[in-house]
Amino acid sequence: MDLIATITVELQEKLSPKRYQHSLGVAKTAESLAKHYGADAQKAYLAGLVHDYAKEIPTEETLLLLREKYAFFPDAMALRRPRLLHAPLGACMVQHRFGIYDPEVLDAIRYHTTGKANMSLLAKIIYIADFIEPNRSYPDVEKLRKMAYEDIDKAILFAIDYTIRTLMDQQMVIHPDTMHCRNDVVVTLEEKLAKQEKKDEN
Ligand SMILES: [Fe+2]
Ligand SMILES: [Fe+2]
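Report follows, based on the coordinates. (Residues numbered from 1 in each chain as written. Chains lettered and ligands numbered in written order. Predicted model: local features only at pLDDT ≥ 70, side-chain atom pairs only at ≥ 80, totals over all residues. Heavy atoms only, no water.)

1. Structural notes on the overall build of the protein
Regarding its fold elements, the protein presents 11 helices and zero strands. What you see in the protein, going N to C, is helices and strands ordered as α-α-α-α-α-α-α-α-α-α-α. Relative to a compact globule of 202 residues, whose C-alpha radius of gyration would be 17 Å, the protein shows 17 Å and is just as compact. Considered along the principal axes of its C-alpha atoms, the protein spans approximately 55 × 40 × 30 Å. By the burial criterion, 48% of the 202 residues in the protein qualify as buried. In the structure as shown, the protein presents an accessible area of about 11,000 Å², 52% of it carried by carbon and sulfur atoms. (Helix = DSSP H or I, 4+ residues; strand = E, 2+ residues; numbered from the N terminus. Rg over C-alpha atoms; globule rule 2.2 N^0.38 Å. Buried < 20%, exposed > 50% of the residue type's maximum accessible area, 1.4 Å probe, protein only. Areas by Shrake-Rupley, 256 points an atom, 1.4 Å probe, with all protein chains shown as cover.)

Spelled out as structure tokens, the structure:
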């Protein structure tokens, strides 16, 4: 059995049916976005498939595994929002379990909840695919689906602002990586606009 088939069988056994369908949805959406933007479609499918590998592990066990098994010590803000930690734990576990060592794939998994500054195209694709895969439904999902294929940075900004607003409404901490991601994307968009304006002048 090839790697994708092996992982798919394991996810089906291990995850709830809903999470399994979500994982397939993210894999397929990421593959499609990768084709659209000229990224590696196989890597995108793989990263999408395993991005929530550790999501259903209880918090206590997540913390224990991260610290004891993988010598990963979460920062103070991530500890305040331990749901974020399935992302770094997933990156550690899939490396161990399936021998996925590609740093770009592992990075995309690790930062799919918070985002970060200077995300690779693959990381951006996984971040957005998680929001727009076909099983997702919320008021602006169609708008974001369209935006994701027009300008992935605009889509990231839209998704991150939605996330930050939700956290603010709930008076929750915002992870610094999320703010770094937002600032970085805003700068990228400003630079794109300036370039376009210069081009239009000529
Ligand atoms: Fe996740
Ligand atoms: Fe997810």
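Past the structure itself, the notes keep going.
2. What to know about the packing of helix α8 (residues 121–132) against helix α9 (residues 141–150)
When two helices pack together, their arrangement is given by the angle between the helix axes and by the axis-to-axis distance. Remark: α8 packs on α9, axes separated minimally by 9 Å, with the N-to-C direction vectors making an angle of 150°. It follows from the interaxial angle that α8 and α9 lie roughly antiparallel. Where α8 crosses over α9, the two elements pack in a sense that is left-handed. Contact residues: I128, F131 and I132 in α8; V141, L144, R145 and A148 in α9. Of the residues belonging to the contact of α8 with α9, the class tally is six nonpolar, no polar and one charged. (Axes fitted to C-alpha atoms, helices over the stretch in contact; angles between N-to-C directions. Parallel < 35°, antiparallel > 145°, perpendicular 65-115°, else oblique. Left-handed = near helix turned anticlockwise from the far one by under 90°. Contact = heavy atoms within 4.5 Å. Nonpolar A, V, L, I, M, F, W, Y, C, P; charged D, E, K, R; others polar.)

3. Thoughts on the coordination of the iron ion (ligand 2)
Taken together, H22 (NE2), H51 (NE2), D52 (OD) and D130 (OD) make up the protein donors of the iron ion (ligand 2), found 2.2 to 2.3 Å from the metal. Of note is the iron ion (ligand 2), whose four donor atoms meet at the metal with angles of 79 to 172° in an arrangement that counts as irregular. Between the iron ion (ligand 2) and the iron ion (ligand 1) the interatomic distance amounts to 3.5 Å, and D52 serves as a bridging ligand to the pair. Linking H22 in helix α2 (residues 17–37) with D52 in the loop between α3 (41–50) and α4 (59–69), this pair joins segments that are 30 residues apart in sequence. (Donors = N, O, S within 2.8 Å, 3.2 Å for Na, K, Ca; no water. Tetrahedral: all angles 85-135°; square planar, octahedral: opposite > 155°, others 65-115°.)

4. Concerning the pattern of salt bridges
A complete count under the given rule lists 13 salt bridges for this structure. With a closest N to O distance of 3.2 Å, E56 and R19 form a salt bridge. With a gap of 37 residues between them, E56 in the loop between α3 and α4 and R19 in helix α2 connect regions that are remote in the sequence. Among the residues examined, R19 registers a relative accessible area of 22% and is labelled partly exposed. Put simply, K116 and D107 hold a salt bridge, and the shortest N to O gap is 2.9 Å. Among the ionic contacts, a cluster of salt bridges with common partners joins K124, D151, D153 and K192. (Salt bridge = Lys/Arg side-chain N within 4 Å of Asp/Glu carboxyl O.)

5. A few points about the coordination of the iron ion (ligand 1)
Within the protein, the iron ion (ligand 1) binds to D52 (OD), H86 (NE2) and H112 (NE2); these donor distances fall in the range 2.0 to 2.1 Å. Counting residues between consecutive donors of the iron ion (ligand 1) along the chain gives the motif D-x33-H-x25-H.

6. Describing the nonpolar core
Generally speaking, a soluble globular protein has its nonpolar side chains buried in company with each other. Counting 63 residues, the largest nonpolar core has I100 and I128 as the members making the most contacts within it. For this core, the element with the most residues is α8, which contributes nine residues. Setting aside residues no more than four positions away along its own chain, I100 makes contact with L3, I7, L46, V50, V94, Q95, V105 and L106. (Core = buried A, V, L, I, M, F, W, Y, C linked by side-chain atoms within 4.5 Å.)

7. Here we look at unusual backbone geometry
Leaving glycine aside, a negative phi is the common case for residues, and trans is the common case for peptide bonds. Of note, the phi angle at A71 is positive, near 50°, even though the residue is not glycine. In this fold, A71 is placed in the loop between α4 and α5 (76–80). By relative accessible area, which is 55% here, A71 ends up exposed. Positive phi, close to 55°, is recorded for N118, a residue that is not glycine. Looking at where N118 falls in the secondary structure, it is placed in the loop between α7 (103–110) and α8. For N118, a relative accessible area of 60% corresponds to the exposed category.

On their own, these measurements won't tell you what the molecule is for.
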